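Analysis of the macromolecular model
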Amino acid sequence: MSRTIRQTNRIVSELSLFMSVVIMHKTIGLISHISTHLFFLIVVFVSILLLLPQRLRLNPMFAFFIVYIGLSLIILNPPAVFSPWARFALFIAVITIASPMLQSPNLRFFRYKCLNSILVMSVVISVISFVFYFLGINFMQYSADLEFTEKGGLFGGLTNHSIVLGILSGISTCFLVYKGLTHNSKWLLMVVPCFGSLLFSASRGALLATVTGMISIIIMTYRLHMSKIKLWIVLPIAIVGMWYVATNTMVLSGLESKMSDRNTATLLSSREAKIIYRLEEFKSSPLIGIGFSTISLDGGDDVNLSTGTIEPGSSWLSLFSMTGIIGALFFIVILVKSIRTQMAEKTHRSVLLIGLLSFFSVSMFSEGYIFAAGSPLCYILWLTIGNSVDSNYIKKVIA
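Residue indices begin from 1 for each chain and proceed along its sequence in written order. A pLDDT threshold of at least 70 governs which residues receive local features in this predicted model, and a stricter bar of 80 or more applies before side-chain atom pairs are shown or counted, although totals over entire chains, interfaces and linings include all residues. Side-chain measures were taken over the full set of non-hydrogen atoms in the model, leaving aside hydrogen atoms and water.

Considering the packing of helix H5 (residues 105-135) against helix H13 (residues 348-366)
For the record, the criterion: Axis lines are fitted to C-alpha atoms, over the contacting stretch for helices. Their N-to-C directions set the angle, which ranges from 0 to 180 degrees. For helices the rule is a DSSP run of H or I covering at least 4 residues; for strands it is a run of E covering at least 2, with both sets numbered from the N terminus onward. Throughout, the term roughly parallel applies to angles under 35 degrees, roughly antiparallel to angles over 145, roughly perpendicular to angles from 65 to 115, and oblique to all others. Crossing chirality is assigned from the near helix's rotation relative to the far helix, an anticlockwise turn below a right angle marking it left-handed and a clockwise turn marking it right-handed. Residues count as neighbours in contact if any of their non-hydrogen atoms are within 4.5 Å of one another. Following the grouping adopted for this structure description, the nonpolar residues are Ala, Val, Leu, Ile, Met, Phe, Trp, Tyr, Cys and Pro, the charged ones are Asp, Glu, Lys and Arg, and the polar ones are all others, Gly among them.
Two elements in contact, H5 and H13, have axes separated by 14 Å at closest approach and are oriented at 65°. Taken together, the axes of H5 and H13 are roughly perpendicular relative to one another. Here the hand of the crossing between H5 and H13 comes out left-handed. On H13, the residues that touch Tyr-112, Leu-115, Asn-116 and Leu-119 of H5 are Arg-349, Leu-352, Leu-353 and Leu-356. In terms of residue class, the contact of H5 with H13 is made up of 6 nonpolar, 1 polar and 1 charged.

Brief notes about the environment of Phe-331
Among the secondary structure elements, Phe-331 is positioned in helix H12 (residues 315-345). Each C-alpha atom of the pair Phe-331 and Phe-62 lies 8.6 Å from the other, and the pair is 269 residues apart in sequence. The contacts of Phe-331, once residues within four sequence positions are left out, are Trp-316, Leu-319, Met-364, Ile-370, Trp-382 and Ile-385.

Re the pattern of salt bridges
Short version of the rule: Any Lys or Arg side-chain nitrogen located within 4 Å of an Asp or Glu carboxyl oxygen qualifies as a salt bridge.
Taken as a whole and judged by the stated rule, the model has 4 salt bridges. The salt bridge involving Asp-390 is made with Arg-111; its shortest N-O contact spans 2.5 Å. Here Asp-390 is found in helix H14 (residues 376-398), whereas its partner Arg-111 is found in helix H5, with 279 residues between them in sequence. Its salt-bridge partner being Lys-283, residue Glu-280 comes within 3.7 Å of it at the nearest N-O pair.

Considering unusual backbone geometry
The test is simple: Only protein chains enter the accessibility calculation, which uses a 1.4 Å probe; a residue whose area is less than 20% of its type maximum is buried, one above 50% is exposed, and one in between is partly exposed.
Its identity is not glycine, yet Asn-77 carries a phi of approximately 50°, on the positive side. Its location among the elements puts Asn-77 in the loop between helix H3 (60-76) and helix H4 (84-98). The exposure class assigned to Asn-77 is exposed, which follows from its relative accessible area of 59%. The backbone phi angle of Ala-202 is positive, close to 60°, even though this residue is not glycine.

As for the nonpolar core
Here is the rule we go by: Among buried residues, the Ala, Val, Leu, Ile, Met, Phe, Trp, Tyr and Cys ones that are joined through side-chain atoms within 4.5 Å form a nonpolar core.
In terms of nonpolar packing, the biggest core is built from 100 residues, with Met-19, Phe-91, Ile-97, Phe-110, Phe-331, Tyr-379 and Trp-382 touching the most fellow members. Per-element accounting of this core gives the leading share, 13 residues, to H5.

A word on a nonpolar patch on the surface
Definition in use: Every patch collects residues that have over 30% relative accessible area and no salt bridge, joining them within 9 Å if they carry like charges and within 5 Å if they are nonpolar side chains (Val, Leu, Ile, Met, Phe, Trp, Tyr). All accessibility values rest on the Shrake-Rupley procedure with a 1.4 Å probe; residue burial counts only the protein chains present in the view.
Residues Val-67, Leu-71, Ile-74, Ile-75 and Trp-85 make up a contiguous nonpolar surface patch of about 540 Å² in total accessible area. Ranked by residues supplied to the nonpolar patch, first place goes to H3 with 4 residues. With respect to the helices and strands, Trp-85 occurs in helix H4. Look at Trp-85 and you get partly exposed, because its relative accessible area is 44%.

Focus on H4
Count 3.6 residues to each turn of an α-helix, and residues three or four apart come out pointing the same way. Our working definition: Every helix has an expected span of 1.5 Å times one less than the residues it contains.
Taking 1.5 Å per residue as the helical rise, H4 with its 15 residues ought to reach 21 Å, and the 20 Å between its terminal C-alpha atoms agrees with that figure. Most of H4 is tucked away: 11 of the 15 residues are buried.

Points about the environment of Phe-132
Within the element layout of this structure, Phe-132 appears in helix H5. Judged by its relative accessible area of 14%, Phe-132 is buried. Discounting residues that sit within four places of it in the chain, Phe-132 has contacts with Ile-137, Phe-139, Phe-155, Gly-157 and Leu-158.

Notes on the confidence of the model for the protein chain
Note the threshold: Known as pLDDT, the predictor's per-residue confidence is scaled from 0 to 100.
With 82% of its residues at a pLDDT of 70 or more, the protein chain shows a mean pLDDT of 84. Within the protein chain, no element has a lower average pLDDT than helix H10 (residues 253-260), which sits at 50, and none a higher one than H5, at 95.

Here we look at helix H7 (residues 191-200)
Along H7, 9 of the 10 residues are buried, which leaves the element largely enclosed by surrounding structure. Listed in full, the buried residues belonging to H7 are Val-191, Pro-193, Cys-194, Phe-195, Gly-196, Ser-197, Leu-198, Leu-199 and Phe-200. Backbone geometry just downstream of H7 places Ala-202 in the positive-phi region, at approximately 60°.

Thoughts on the packing of helix H2 (residues 36-51) against H4
Packing of H2 against H4 leaves a shortest axis separation of 9 Å and a crossing angle of 40°. Overall, the two elements H2 and H4 adopt an arrangement that is oblique. Note that H2 runs across H4; the crossing there is left-handed. Across from Thr-36, Phe-39, Phe-40, Val-43, Val-44, Val-46, Ser-47, Leu-50 and Leu-51 in H2, the residues of H4 making contact are Ala-89, Leu-90, Ala-93, Val-94, Thr-96 and Ile-97. Residues of the contact of H2 with H4, tallied by class, amount to 12 nonpolar, 3 polar and no charged.

Here we look at the side chain of Ser-99
This is how the line gets drawn: Between N or O atoms, a polar contact is any pair within 3.5 Å; within protein, one atom must be a potential hydrogen donor and the other a potential acceptor, and residues adjacent in sequence are included only when both atoms are from side chains.
Topologically, Ser-99 is positioned in the loop between H4 and strand E2 (102-103). Overall, the relative accessible area of 0% leaves Ser-99 in the buried class. A polar contact is formed between the side chain of Ser-99 and the backbone oxygen of Ile-95, at a distance of 2.6 Å.

The following block contains the structure:
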């Protein structure tokens, strides 16, 4: 490797670490977070540093997706209270570096290193939160104004919200299962505190997504290392075992007790109401939706009129309600291509990425972060997709 390439990779590695810290600091409770405007400027600055030195290739599907969203905003002209164009600009900035929309060696290496850093940081946050639970320390901000989710449980640990803890603990658990099965079994010891934080967060959506991700990782791992006969012996045992953990009342007793501290009926009715709201919005404009980062002002759902903040409740439903069938098809094609790419890879890295893609595919049913560009969860989702599409080029970048 030439000296110039080594220096470039070192700079890109430092940028990826810097960006990972910027993203993950937004998950921590009881600290001041940078403003959305400053976050936008940081993302643009990092993008410029990564984009300038090299020739770029454009991923057509992502380009069409972005152009379509922009055209739909022009046609629909959503209410200004939602600041749809400002949110769209931030979304473009985020997916420029996180998604595979733009292709270059530096961008691919950046996304590779960034995902690695974020996964390690997620494990650290999950383990600390597990310890915090027994020390009675809870940094969750009960008045946190999050635009991607409903209220979850009452314990956030080191994070500012229980839903954030649930998702970070979920991807940490999947990451550690992957490390334990493909690298060193000692990594599996760390699954206990991470899975514990997941249960303490009282997020059923994150729990089911984690079980799905772990099952996918087990299937992919043993597909690489075992015969089909052994696979079909191990697989049912793994599925039954993890399903038991996900549904057994003794395991979930702590989760249920936390949920009982709140008006459970109100919480469930609110979630059901959001499903109805999104479906009604989709019915009103099924082809192109009602607009990016927008909900119906007449539908009855809550909206912060001063900030335009909304709680869509589900990424999948908001995808259909905001961008319609056309936008949803764009994303589904992108997601399916990401999964198919990794299925064909048959490498240890593909095991991890299939697990994370499976996790997010399920998690998006219960949490609405897909377009919340200021959210760390949105960034991690698109970064996972970016790594999945980029993986064919990673060896060339590292070599």
